[in-house]
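Breakdown of the fold
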Amino acid sequence: MTGYLLRRSVGAILVMWAVATLVFFMLRAVPGDPIAAMLFDVGDADAIAALKAKLGLDQPVYVQYVKWFLLVLQGDLGNSIYGSRIEVSRIVMEALPRTLSLASLAFVIAIVIAVPAGLISAIRKHSALDNMVTVFAFLGLAMPDFWLGIMLIIIFAANLHWLPAIGYAPLSQGFWPWFSHLILPAIAVGTPFAAIIARMIRSSMLEVLNSDYINVANAKGLKKLRVILVHAFPNALIPVVTVMGIAIALLMAGAVVVENVFAIKGLGRVLIEGILNRDYPVVQGAILVVSTIFVFANLAVDVLYTVIDPRIRYDS
Amino acid sequence: MTALTEIMPRSDAASDCLMEVRDLALHFPVQGGTLFKHTVGQVKAVDGVSFSIRKGEVLGLVGESGCGKTTIARAILKLVRPTSGQILFDGMDLWQQDRAQQFAYRRRVQAVFQDPFSSLNPRMKVGSTVGEPFRIHMPSMKSAEINGEVRRLLDICGLPARMAERYPHEMSGGQRQRVGIARALALNAEMIVCDEAVSALDVSIQAQVINLLMDLKDEFNLTYLFIGHDLSVVKHLCDRVAVMYLGNVVEMADSETLFDEPLHPYTIALLSAVPVPDPVSEASRPHVILTGEIPSPVNPPNGCVFHPRCPRMSDACTRMRPLLLEELPGHHAACIHIERLAAQFTRPGQHSIPKIPDIPTSN
Amino acid sequence: MSTKKYYTDGHIRRQMKADHDHALDFDPGDPLVGLHRSDLAGPQLERRTVLRLLAASGALTAVHLLLPGVAPDAHAAAGGTLKAGWAGVGEFRTLDPAQINQVLLFQIASNVLSGLTHIDPQLVARGDLAIDWTASDNGTEYVFNLREGVTFHNGDAFTADDVIYTFIRSRNPENSIHSRVVANVADIEKLSDHKIKLKLKAPQASLLVKTLERASGRAMTIVSRGAIEKMGTAQYGLTPVGTGPFRVTDHSLGQLITLEKFDKYYDPERPKLDKVTIQPIIDAEPLAAAIEAGDIDIIGGNPIAAELIDRFEANSDLNVSIITGPGFQSVWMNPHRDPFKVADFNKPVAELMKEKGFKVRLAIAKAIDRDRYIERAQFGRGTPAYGSINPAMGFFFDESLAETSNQRFDVEEARKLLADAGHPNGEGIPPLKILHTPSARREVQVIKDILKRNLNIDIVLDPKDFPVLIDAFDKMDWDLTRLGSGGDFDPDDGIVDWMQTASKFNGRNRDKEKFPFGFFSDNEVDALINQQAVTAEPKKRRELVRKLNKITSDKVASAFIFHPADILVYRKSVNFPAQSRIPGLMDLDRVTIS
Amino acid sequence: MTDFVHSTPGGDSAREDLQRPSALRQWMSYMRRDKKALFGLIVLGVLIFSAVFAHWLSPYDPNAMDFSMMLKPSLQHPLGTDDLGRDLLSRLLHGTQISLFVGISTVILGMSAGVTLGVVAGYFGKWVDTIIMRYVDLQWAFPNFIIAVYLVAVFGTGLANVIIAISLAYIDDFARVARGMVLTIKQEQYIAAAHTLGASDNRVMWRHILPNAMAPIIVQATVSVSYAILAEAGLSFLGLGVGSDTPTWGLILADSRSFISRAWWLGVFPGLFIMITVLSINFLGDALRDMLDVREVTDAH
């Protein structure tokens, strides 16, 4: 296991390095001059040249790359090109908790919806309830998340005034402010995910419920609920865990869009604004962080997989 | 083991030799490692095998599964590259061919595969499968001509022309194997490698297919390398038989000689396992039961590879690798105890197993 | 300051009447309308001067007569928290004036930092940290008396040294992106702790409104040396320290800025509010939902999406205040490309009218139905534009240009011009690509529809992110571009920046071999712009500005489309006094909340 | 030879008449049983029909701003008019054309590239496989949507660029599925048979391996079409979409966001078009998955 972890971690780091390198060079191939845009109002060619020289943007790209890379190795992600040139690490560290809050709440909501829905529809296969869950799942997958977000704002914020329409409050301001700001976006992000999980649980539960050991358990005269929850459900979770990697992708992608709807400055927004403004260091830093999260989350999922399913070993 | 080739001058000299396998070895690396992959061992699937096939002959290659016979077939078909050794076809080394020669070789040597379910592309109609050789080798040929050829080939193999429109899954196993044969015949191949060609078929169908193969051999003057584990089929079909064990040929002789007067203890054990149709003699004849597992080819035993299971094992067997020597005219065997054995031989009757007093037997 | 006084309703009416009468009390034959050069010195008398100038130009309205610091807030209590949302922005990159390049940023900085002067709703400069000033006869030397007893948020006292520090910092392009703004300042001299002397290289009409103004110029917005040295520029950009009415107490990147009342502000009556929170909101719908739900009380930042205004006006909880905004928006036509190629603008309009390329140019400019455009694209809000001088600069704005300009809307004439140029019914004109930012897509679609309808010319949308668009625009690599200017408080902003051959936006990165000039070049206009820049005399300057504005319009420097409206939306609980209603700005020091 | 019974060749023909139902009939009977799939098929048929005939079906020019802004649905304008006075129905019908085109062409492009890479990697193995799969892993490190966002930003907005960006983002999904299939199929004897015949690598890959690997690829493709439609909508929402005045559903929906509370039809109808389309494609994909007996696709992010 240790060997496996070590190998995967090294692989993950190599992937991140490759991603960072690719992004670095692709970004510089993009048309658009951030400094000229920033100094548009100023309109002074000398000022543009001076600033470029100061930021090192006048050097050959490979020199910039080496410099940047050496700094990254020291944990320095550089500074934003714009404005007061805030440290990228600071921008990312302020955005990260927001995105993580959103993603984890969305995850919890999705699980809270999906697990009972999937279980019920598997146990009561082809019942009206099952059909409802199926319809919900397909609708959840078919709705553009930003559209759902806007609808939620219109209903719960603009009309009912139950919840704030936009913004984010850190957990340090208390649970309710945090929760009330995040619940709507979390629903928007979590719904498609809930749909996928509910479908997965349903199909894997059906498979497990038809298997011999459940028949044996039933034959032993165990209570049905006990059979389902203690014997069947944990086994049905195994295929669900395999989609966790997708879950992370889905939550991240959802967060990018939904953060915009709810004016939450999370990693997604940092990334998009960085790209739109050609704020190279910010994009590089944000991508590095996003890929780190994604790569290691996938690794964690694989490890979790062995914990849940004792049949799987990575050592051989 | 280079010495081996020197003691096989006969096949080399024979003018009717179509294919010669010289000291063929195929080793597959086994990889391992925590951080970086590296080779930790080798599977010695074939480890120094030599034999030759004469024009118009049927050479049988028998042995238990995993002994390397299919790997040899794959090497002959140029599907894998040997680790060392040579395969000469018509005197030319298969891995010294230029592109044109290689292309020509593909026409001259064909194969019929074991599993009729797997050997036909399920997404191709029979007509396309049988016509494919023409499309590959004669790109100028028109579709109508190809269709004609396909009909002819199907007919030769005893299939109605309408089968050309079928998909493999719409046919029976025997029909599919006939399709496989038709495909092999398409380009007038000189030699056909039959890799367990009938093993997967029902017995009655087997008979039909074998008969077809024999008819075709006569009609088209074909040479077969027939690989199988069913000794009765091999005996029926082959002119000569080579017995393989763990990547080595342990015995090779004319079919009759081999089945009647086997020399190698492994062959003897193998033959004793073949059921005899007569229940009385079946019950009374001695059975040589091999004990122990076939050793892993990753770590083959030293000395004679058969020694851990050999009823005749001596100290020397664990140290010396026996050579495949011509013990009797045309009869090769690789066992250091043979000379002693041969002296004791009497000529037993057909289908009987030689009595070998000093071989411990059990029922 | 006048704001220290409180007025009764009756007093206001009497004062307004008196102001009105005084403004109109001049001899129409007198070119100086009864004003003297000294009227242009500070600090208190610009108001009367301005009213007089407005009256002389016929632009005087009751709004102009409203006294500063009066009216609605008379009954409002002090204190409370104002929750503001800033539209169309995701994050406040910096509040360091040396780096600010967006109106929406100096809207915030203007509440935190002070300048020597500050404009009022009529876009006239008033003393801020300067109490008053005098100008030398030749207009190249100004002496400012600085306010005493002013402290920075960190407790440091404000003195002439801070002015000099700010000047030196801003003059260096490495530290400030506004170094050009102070390029005309030769030197600053400290006369005493609270008295400085400014020496100019040449007289400059826009000195008070542009260079020394705390918001628009940003070069002389006074920064704290102590704070910058202590916290570093990055942190200073997040939580700047100044002498303004509010101090920044928290800046959560991309989420919230918290301003709190600065107790030691030089005017003890201000600010009224205890606290202001500012949240960036990039999308229109969440913005609308937020103010409708009461999550925010007021909207600042980028112009509010035009489509939301009707909705806000229909909402009885909200106030919508619309005034003319400072800026102009145009469709630029590349004179180096067919079909609107013009090799040289240096000839009389009558001569130009004979050229094919110019005919197409003019046809396009004349065919754009500004009213329809404003109705469709801006939901009826905005002023048709025929030049770069905007109506917010009431005194300089020329309303008659709509009738007198060559660009006057006339479909028949436009079609005739196009036919004369060899393109009857738009024949032979290839689809024209229009460069625009993604956010201008709605507008450009309307322009496309109008040109198709009126001239049968096909337009292809070519949306580009701003950095890319600017790159192409600077290189003259475009057919058409939809671009314009905002926050123009002084005529210089529109004309020096856009209409001179050497203007900073005028094809500055073009291949000078291939393109001898950018999008426009006219010797007479160049000369007039230089002349007006050193003409301190308002009336005279106005004549020069109007004259050159008309030439750029007649010669179709661009097809001028509209001047955006300045729209302020706030909940009824907010009192936003008229005195603070400065176009483009969001001064919150007099705002109260109930 | 006498040991063996001689029977007529092809004598095991008893099974010959075991006629398999044709693929089409199989499909039809499946559709009859699966209501969801039938629904999906009908909706998709209608959509493709209206996409093809959008020009004739639309009551008005989709880009003409000839009407009052934001008219309620009425007989003249069954779905009302939009914020620029254009007929919403006409725009949505033309949008069908473009959205389906985006959905299908992105998948065809992404599939072609991804499957090619996957097949080549799986077929040749060794360093080819290593290089290709390292690239795929690289792309795997990112959610598809974020890749698409990034690529649009790099290439710029516009229909072609959006299609390229979304399709590039799909490459890894298809490459993985295809490679997995190839590794299995490579072991089949008909592949060895083809080599024995002297078939070139190209012939083996594209004529023998690919057709047999298509089942899971088709399922993956179906699901991807619906994701592509949603992705286009998401990109448009972020201002990174088609971006001109091309009426895609995503753009129409994204543009409507400021008007939803005043003109519900602007938000509801494009939303419905997207939802119903994605729904029916997903139904179809589900049915295909059952029919082709493909395991639940686990890589559809």
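Here, every reference points to the structure presented above.
Residues numbered from 1 in each chain as written. Chains lettered and ligands numbered in written order. Predicted model: local features only at pLDDT ≥ 70, side-chain atom pairs only at ≥ 80, totals over all residues. Heavy atoms only, no water.

1. Description of the overall build of chain D
A tally of helices and strands in chain D yields 11 helices and zero strands. In sequence order, chain D lays out its α and β elements as α-α-α-α-α-α-α-α-α-α-α. A buried classification covers 63% of the 301 residues belonging to chain D. Counting only contacts in chain D whose residues sit at least 6 apart along the sequence, the fraction spanning at least 24 positions is 70%. On chain D, roughly 12000 Å² of surface is accessible, and the fraction owed to carbon and sulfur atoms is 65%. (Helix = DSSP H or I, 4+ residues; strand = E, 2+ residues; numbered from the N terminus. Buried < 20%, exposed > 50% of the residue type's maximum accessible area, 1.4 Å probe, protein only. Contact = heavy atoms within 4.5 Å. Areas by Shrake-Rupley, 256 points an atom, 1.4 Å probe, with all protein chains shown as cover.)

2. Observations regarding the overall build of chain B
Of regular secondary structure, chain B possesses 13 helices and 12 strands. A buried classification covers 54% of the 363 residues belonging to chain B. By sequence separation, contacts in chain B at least 24 residues apart represent 63% of the contacts at least 6 residues apart.

3. A short note on helix α17 (residues 491–498) of chain C
All names here are of chain C. Where burial is concerned, most of α17 is hidden: seven out of the eight residues are buried. When we look at burial in α17, the residues that qualify are Pro-491, Asp-492, Asp-493, Gly-494, Ile-495, Asp-497 and Trp-498. Structurally, α17 contributes buried residues whose contacts are with α6 (207–211), β13 (327–333), α16 (466–474), β17 (480–486), α18 (523–533) and α19 (538–554). Structurally, the start of α17 carries an N-cap: the backbone nitrogen of Asp-492 is 2.9 Å from a side-chain oxygen of Asp-490. (Polar contact = N/O pair within 3.5 Å; in protein donor to acceptor, adjacent residues only side chain to side chain.)

4. A short note on the side chain of Ser121(A)
Residues and elements named next belong to chain A. As for its position among the elements, Ser-121 is in helix α5 (residues 88–123). A polar atom in the side chain of Ser-121 sits 3.2 Å from the backbone oxygen of Gly-118. Ignoring sequence-local partners within four residues, the contact set of Ser-121 consists of Asp-130, Val-133 and Arg-202.

5. Quick word on the sheet that holds strand β10 (residues 275–281) of chain C
Residues and elements named next belong to chain C. Across the sheet, which stays open at both edges, the seven strands sit in the order β8-β9-β10-β1-β11-β19-β12 with mixed pairing between neighbours. Looking at strand neighbours, the two that pair on one side only are β8 (246–252) and β12 (318–324), the edges of this open sheet. For this sheet the average axis-to-axis angle between neighbouring strands, irrespective of direction, equals 25 degrees. Pairing between β8 and strand β9 (residues 256–261): six bridges, direction antiparallel. Bridge pairing links Arg-247 to Glu-260 in β9. (Pairing = 2+ DSSP bridges. Axes fitted to C-alpha atoms, helices over the stretch in contact; angles between N-to-C directions.)

6. Details of the sheet that holds strand β18 (residues 559–563) of chain C
All names here are of chain C. Strand order in the open sheet made by the six strands is β14-β18-β13-β17-β15-β16, with mixed pairing throughout. On the outer flanks of this sheet lie β14 (383–384) and β16 (459–463), each paired with one strand and no other. Note: β13 against β18, three bridges, orientation antiparallel. When the sheet's bridge partners are listed, Val-331 is paired in β18 with Ala-559. Strands β13, β15 (432–436), β16, β17 and β18 of the sheet are contacted by helix α15 (residues 441–455), whose axis makes an angle of about 170 degrees with β16.

7. Let's talk about the packing of helix α4 (residues 88–124) of chain D against helix α9 (residues 201–237) of chain D
All names here are of chain D. Relative to each other, α4 and α9 sit at 145 degrees, their axes nearing to 7 Å. Taken as a pair, α4 and α9 cross one another with a handedness that is right-handed. A breakdown of the residues in the contact of α4 with α9 according to their chemical character gives 19 nonpolar, five polar and two charged. (Left-handed = near helix turned anticlockwise from the far one by under 90°. Nonpolar A, V, L, I, M, F, W, Y, C, P; charged D, E, K, R; others polar.)

8. Topic: the interface of chain C and chain A
Facing the 44 residues of chain C at the interface are 44 residues of chain A. Across the chain C to chain A interface the summed buried area is about 4000 Å²; carbon plus sulfur atoms make up 57%. Of all residues in chain C, Arg93(C), Leu253(C) and Gln255(C) bury the most surface against chain A, accounting for 16% of the area lost on that side. Applying the counting rule to chain C against chain A returns one salt bridge. With a shortest N-O distance of 3.4 Å, Glu91(C) and Lys265(A) are connected by a salt bridge. Taken together, chain C and chain A are joined by six residue pairs in polar contact (both at pLDDT 80 or more). Where the side of chain C that touches chain A is concerned, the elements lending two or more residues are α7 (225–238), β8, β10, α8 (284–293) and α16 of chain C. (Buried area = accessible area lost by both parts, 1.4 Å probe. Salt bridge = Lys/Arg side-chain N within 4 Å of Asp/Glu carboxyl O.)

9. Side note on unusual backbone geometry
The step from Arg270(C) to Pro271(C) runs through a cis peptide bond, and the omega angle for that step is -10 degrees. Tracing the chain through its elements places Pro271(C) in the loop between β9 and β10. Positive phi outside glycine occurs at Asp23(B), with the angle close to 50 degrees. The backbone of Asn425(C) sits at a positive phi, close to 55 degrees, despite the residue not being glycine.

10. Considering empty space enclosed by the protein
Going through the model one piece at a time under the given rule, you end up with 14 cavities of 30 Å³ or more. Lining the largest cavity are 25 residues, with Asp145(A), Leu250(A), Phe145(D), Tyr227(D) and Leu230(D) positioned closest to its centre. Secondary-structure elements contributing two or more residues to the lining of the largest cavity are α7 (145–159), α8 (175–209) and α11 (244–261) of chain A together with α6 (144–155), α7 (159–185) and α9 of chain D. If you tally residues by element for the lining of the largest cavity, the top one is α11(A), at five residues. Partitioned by chemical class, the residues of the lining of the largest cavity number 20 nonpolar, four polar and one charged. (1 Å grid on protein atoms, 1.4 Å probe; cavity = no way out; pocket = protein on both sides within 12 Å on 5 of 7 lines; lining within 4 Å. Points joined across faces, edges and corners; volume = space filled by probe spheres on them.)

11. Notes on the pattern of salt bridges
Within this structure, the stated rule accounts for 62 salt bridges over all chains. Across the pair Lys197(C) and Glu141(C) runs a salt bridge, and its minimum N-O distance is 3.5 Å. Here the residue Lys197(C) occupies a position in strand β7 (residues 195–200), and Glu141(C) occupies one in strand β5 (residues 141–146), the gap between them amounting to 56 residues. We note a salt bridge from Glu355(C) to Lys347(C), for which the minimum N-O separation is 2.6 Å. By relative accessible area, Lys347(C) is classed as partly exposed at 25%. Through salt bridges with shared partners, a single network forms among Lys265(A), Arg269(A), Glu273(A) and Glu91(C).

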